[in-house]
Amino acid sequence: MPRVPPHPERRPALVSGASSGIGAAVAVALARAGHPVALGARRAAVCEELAARIRAGGGGAVALPLDVTSDGSVSFFVSEAEQALGETEVVVTCAGEVTPGNAYETSTPAFEAQLQLDLLGTQRLVAAVAPAMAARRRGDIVFVTSDVVRLPRPRMGAYVAAKNALEGPAGAMRMELEGTGVRASVLRPGPTLSGMGSTWPVEVLRKVLDDWTRFGLARHDRFLKPRDVAAAVLAVVSMPRGAHVTLLEIEPEAPLNEERND
Ligand SMILES: NC(=O)c1ccc[n+]([C@@H]2O[C@H](COP(=O)([O-])OP(=O)(O)OC[C@H]3O[C@@H](n4cnc5c(N)ncnc54)[C@H](OP(=O)(O)O)[C@@H]3O)[C@@H](O)[C@H]2O)c1
């Protein structure tokens with residue numbers, strides 16, 4: 001049986017949704033670990049500010065415009081990133097948004113728009129790099145999904161649909177890629193303080209959070225930080241060859257009890 005060569009120390013990485021929250025933190029964490037990163041999002045100028053900070057700190061980074069809902073934009077992102085950094089070793093799919101709304105009230109075009117971004121946008125980016133990774137016989141694909149797959153949350157029905165739908169092909173891909181050296185992994189973050197939800201009207205946010213309590217989905221009031229999720233991504237892609245993290249869920253740790261009597 002041929003020995004599996006270790007991953008190179010320098011692994012060019014593509015990060016979608018790198019202008020904010022989890023994607024920005026993932027780009028920083030990967031760069032600190034010595035992997036040059038291509039930061040992609042629609043707000044390329046924001047990505048560039050972060051890329052400049054990474055470069056100033058000695059890391060490798062390039063910022064590029066990316067709209068994952070567009071074939072042309074994804075092709076441009078991948079080819080420019082590879083020209084700047086080399087062949088893609090790692091892709092982390094962080095681009096995503098939640099449009100709040102009850103599933104039973106969401107119009108079909110609005111539902112479709114959510115799927116276009118969170119499901120098809122991710123698929124579009126992964127399909128642009130996975131075949132070449134398989135040909136090179138190594139690579140890491142990290143699908144950032146959500147704990148809504150395990151515990152659907154109300155008032156975000158189309159988002160729940162998209163994240164569930166994403167884990168289907170991610171699981172199929174994991175098997176399809178078996179033996180190619182490419183590891184497809186699912187990372188499910190729980191509630192994380194990021195840009196997500198920050199533009200929602202306060203009354204919508206209140207209703208969403210009230211429902212989390214009502215349905216037992218908020219055990220406590222703590223949230224993850226984007227850097228916590230980034231540490232999980234780094235753990236997944238840093239796993240030595242011979243091991244494959246197929247699914248990782250990360251949740252905020254509960255606050256310490258004042259006192260326990262049991
Ligand atoms: N926050 C949470 O509680 C939580 C929990 C579980 C999973 N997640 C997942 O984590 C991922 C990152 O979310 P976040 O919490 O970090 O939210 P965030 O701070 O709002 O970041 C979302 C990112 O997605 C990018 N984006 C949106 N539409 C895009 C498009 N069409 N093309 C390319 N990029 C696009 C945004 O950049 P531009 O606007 O500049 O394009 C932004 O960089 C998402 O997939 C989300 O579903 C989040």
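Just above sits the structure.
Residues numbered from 1 in each chain as written. Predicted model: local features only at pLDDT ≥ 70, side-chain atom pairs only at ≥ 80, totals over all residues. Heavy atoms only, no water.

1. Let's talk about the environment of A231
Here A231 is to be found in helix α7 (residues 226-238). For A231, a relative accessible area of 45% puts it in the partly exposed group. Distance in space between the C-alpha atoms of A231 and V26 is 7.6 Å, their sequence separation being 205 residues. (Helix = DSSP H or I, 4+ residues; strand = E, 2+ residues; numbered from the N terminus. Buried < 20%, exposed > 50% of the residue type's maximum accessible area, 1.4 Å probe, protein only.)

2. Observations regarding helix α6 (residues 202-214)
Given a rise of 1.5 Å per residue, 13 residues ought to cover 18 Å, and the 18 Å separating the end C-alpha atoms of α6 matches this to within 8%. Those residues of α6 that sit buried are V208, D211 and W212. Looking straight down α6, one finds that the buried residues subtend no more than 105° of arc, so they occupy a single side. Turned more than 90 degrees away from the buried face of α6 sit V202, T213 and R214, all of them exposed. (Expected span 1.5 Å × (residues − 1). Arc of directions from axis to C-beta.)

3. Concerning the site of the ligand
Around the ligand, the structure places 29 residues, and the nearest of them are S20, I22, R42, Y159 and S194. A distance of 3.5 Å is found between an oxygen atom of the ligand and a backbone nitrogen or oxygen belonging to G21. In the complex, the protein chains occlude 94% of the 880 Å² of accessible area that the ligand would expose alone. Looking at the shell around the ligand, the elements that each hand over two or more residues are α1 (21-32) and α5 (157-176). Broken down by class, the residue content of the shell around the ligand amounts to 13 nonpolar, 11 polar and 5 charged. (Near = heavy atom within 4 Å. Polar contact = N/O pair within 3.5 Å; in protein donor to acceptor, adjacent residues only side chain to side chain. Areas by Shrake-Rupley, 256 points an atom, 1.4 Å probe, with all protein chains shown as cover. Nonpolar A, V, L, I, M, F, W, Y, C, P; charged D, E, K, R; others polar.)

4. Focus: the nonpolar core
Counting residues in hydrophobic clusters, the biggest one holds 35 residues, and the most contacted among them are V26, L30, V37, L39, I54 and V92. It is α1 that provides the largest number of residues to this core, a total of 8 residues. Residues contacting L39, with those up to four places away along its chain left out, are V15, A18, A27, C47, L50, A51, I54, A61, V62, A63, L64 and F77. Counting residues in hydrophobic clusters, the runner-up holds 31 residues, among them V91, V126, V129 and M173. (Core = buried A, V, L, I, M, F, W, Y, C linked by side-chain atoms within 4.5 Å. Contact = heavy atoms within 4.5 Å.)

5. Some words on the packing of aromatic side chains
Inspection of the entire model under this criterion finds 0 aromatic pairs. If you follow R153 out to its NZ or CZ, it ends over the ring of W212, 4.2 Å from the centre. (Phe/Tyr/Trp six-rings, centres within 6.5 Å; stacked < 30°, edge-to-face > 60°. Lys NZ or Arg CZ within 6 Å of the ring centre and 35° of its normal.)

6. Examining helix α4 (residues 108-136)
In this model α4 runs 40 Å from its N-terminal to its C-terminal C-alpha over 29 residues, within 8% of the 42 Å that 1.5 Å per residue would give. A maximum bend of about 40° is found in α4 at Q116. (Bend = angle between axes of the 7 residues up to and from the residue.)

7. Observations concerning the packing of helix α3 (residues 71-85) against α4
Packing of α3 against α4 leaves a shortest axis separation of 8 Å and a crossing angle of 40°. Considering their axes alone, α3 and α4 lie oblique with respect to each other. The handedness of the crossing between α3 and α4 comes out as right-handed. Contacts from D71, V74, F77, V78 and E82 in α3 reach R124, L125, A128, V129 and R136 in α4. Looking at the contact of α3 with α4 residue by residue, the classes come out as 6 nonpolar, no polar and 4 charged. (Axes fitted to C-alpha atoms, helices over the stretch in contact; angles between N-to-C directions. Parallel < 35°, antiparallel > 145°, perpendicular 65-115°, else oblique. Left-handed = near helix turned anticlockwise from the far one by under 90°.)

8. A short note on the sheet that holds strand β4 (residues 90-93)
On the basis of which strands lie adjacent, the open sheet formed by 7 strands has the order β3-β2-β1-β4-β5-β6-β7 and parallel pairing. The open sheet has two free edges, formed respectively by β3 (61-65) and β7 (247-250), since each of these has just one partner strand. When the angles between neighbouring strand axes are averaged without regard to direction, this sheet yields 15°. Where α5 meets the sheet, its contacts fall on β5 (139-144) and β6 (182-189), and the angle it forms with β5 comes to roughly 160°. Running at roughly 160° to β6, α7 makes contact with β4, β5, β6 and β7 of the sheet. (Pairing = 2+ DSSP bridges.)

9. Description of the pattern of salt bridges
Applying the stated criterion to the full structure yields 17 salt bridges. We note a salt bridge from D71 to R124, for which the minimum N-O separation is 2.6 Å. Here the residue D71 occupies a position in helix α3, and R124 occupies one in helix α4, the gap between them amounting to 53 residues. D71 sits in the exposed class, given a relative accessible area of 51%. With a closest N to O distance of 3.1 Å, R153 and D147 form a salt bridge. (Salt bridge = Lys/Arg side-chain N within 4 Å of Asp/Glu carboxyl O.)

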